[in-house]
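# Residue-level structure breakdown
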Amino acid sequence: MTTHNTSPLAGRVAVVTGASSGIGAATAKRLAASGAAVAVLARRADRLELLAKEIERVGGTALALTVDVTDPQALRTAAERVAAELGIADLLFNNAGVMLPAPVEELPVEQWQRQIDLNVTGLMNAIGAFLPQLIAAAADKGVADLVNTSSIAAQNLFPNFAVYSGTKAYVTHLSRTLRAELGTKDVRVCAIEPGIVGTELQNHVTDAGALEWIEGSKQEMTWLDPEDIAEAVNFLASQPAHVNLQQVTIMPTRQPS
């Protein structure tokens, strides 16, 4: 008779950034359901507290930490609390990000900077804060995971998404290079590249052309749900230690590119 491990991540400590909604919240709940103790990080304290209580109500372990990933000192402090209260982190889901498409000729400099600050610098701040723990955990347990949220925009061409796409291309290439660097230390690295997912990300869009495309796509396809991405993260983190999915692209079936 075949048996299935219902708690494949038991004993592991996961950190999820951008956890107050969408993919981050769904993934935190999924990892907790698989047995991981989960630290949820984001700026909205009220959302995080509700999420932590929801995880705990069904028997999971969660720690809510209000953090802006653009603040490197705040992330270092958060990392210290995770180690002290949950144990050394062995899974970082680097998910905080923002999407602000606009024609480049309009010169929306503040939007450019916001995307770079959050999608690139914020991602690096989280890596800098938690990588020592991932390396230490891998040396102790034989495996640790760094999972970075990229996008199909890292590979495909979407007019008016140039800066966003550039930040996500950075995430994908960084992840592939870090995998080569950290694999020898038993730290697995993966870039998740979703197509269109129904989250709050679309709520930040102000460009009329991008909004028209987003609305039209709802009539043409069934969008991905945050839980679809959460399942993928859970799957790759549950693999045997010698198996590393380095890049996972997840698309709605009807989305052509």
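Residues numbered from 1 in each chain as written. Predicted model: local features only at pLDDT ≥ 70, side-chain atom pairs only at ≥ 80, totals over all residues. Heavy atoms only, no water.

## Considering the packing of aromatic side chains
We apply this condition: Think of it this way: a Phe, Tyr or Trp ring, Trp meaning its six-membered ring, pairs with another when their centres are within 6.5 Å, and the plane angle makes it stacked under 30 degrees, edge-to-face over 60, tilted otherwise.
For the coordinates displayed, the defined rule picks out two aromatic pairs. Considering the side-chain rings of Phe161 and Tyr164, the 6.4 Å spacing of their centres and the 70° angle between planes classify their relative orientation as edge-to-face. Put simply, the rings of Phe158, Phe161 and Tyr164 touch in pairs and so form one group of aromatic residues.

## Side note on the layout of surface pockets
Operational definition: The pocket and cavity definitions rest on a 1 Å grid over protein atoms only: a 1.4 Å probe that fits but cannot leave marks a cavity, an open set with protein on both sides within 12 Å along at least five of seven lines marks a pocket, and residues lining either have an atom within 4 Å of a point. Grid points are joined across faces, edges and corners, and a volume is the space filled by probe spheres set on the points. Secondary structure elements follow DSSP: runs of H or I of four or more residues count as helices, runs of E of two or more count as strands, with numbering from the N terminus. Under the convention adopted here, Pro, Cys and the residues Ala, Val, Leu, Ile, Met, Phe, Trp and Tyr are nonpolar, Asp, Glu, Lys and Arg are charged, and Gly plus all remaining residues are polar.
The volume enclosed by the largest pocket comes to roughly 950 Å³. For the lining of the largest pocket, the secondary structure elements donating two or more residues are α1 (22–33), β2 (37–42), α4 (109–141), α5 (162–182) and α6 (208–220). Considering each element in turn, the lining of the largest pocket owes the most residues, four residues, to α6. Residue composition of the lining of the largest pocket, grouped by class: 22 nonpolar, 17 polar and six charged.

## Section: the side chain of Thr27
Note the cut-off: Relative accessibility under 20% of the residue-type maximum defines a buried residue, over 50% an exposed one, and the middle range a partly exposed one, all with a 1.4 Å probe and only protein chains included. What qualifies as a polar contact is a pair of N or O atoms within 3.5 Å, subject to a donor-acceptor requirement within protein and to the restriction that residues adjacent in sequence count only when both atoms come from side chains. Contacts between residues were defined by any pair of non-hydrogen atoms, one from each residue, lying within 4.5 Å.
Among the secondary structure elements, Thr27 is positioned in helix α1. According to the relative accessible area criterion, Thr27 is buried, its value standing at 0%. At a separation of 2.8 Å, a polar atom in the side chain of Thr27 contacts the main-chain carbonyl oxygen of Ile23. In this view, Thr27 contacts Phe93, Ala230 and Val233; residues no more than four positions away in its chain are not counted.

## Some remarks on the environment of Gln247
Examined against the element boundaries, Gln247 turns out to sit in strand β7 (residues 247–250). You can call Gln247 partly exposed: its relative accessible area is 26%. As a C-alpha pair, Gln247 and Arg176 span 71 residues in sequence and 7.8 Å in three-dimensional space. Ignoring sequence-local partners within four residues, the contact set of Gln247 consists of Gln155, Thr172, Arg176, Cys190, Ala191 and Glu193. In terms of polar contacts, Gln247 uses its side chain to reach the side chain of Arg176, at 2.9 Å. Reaching out from Gln247, the side chain makes a polar contact with the side chain of Glu193 at a distance of 3.3 Å.

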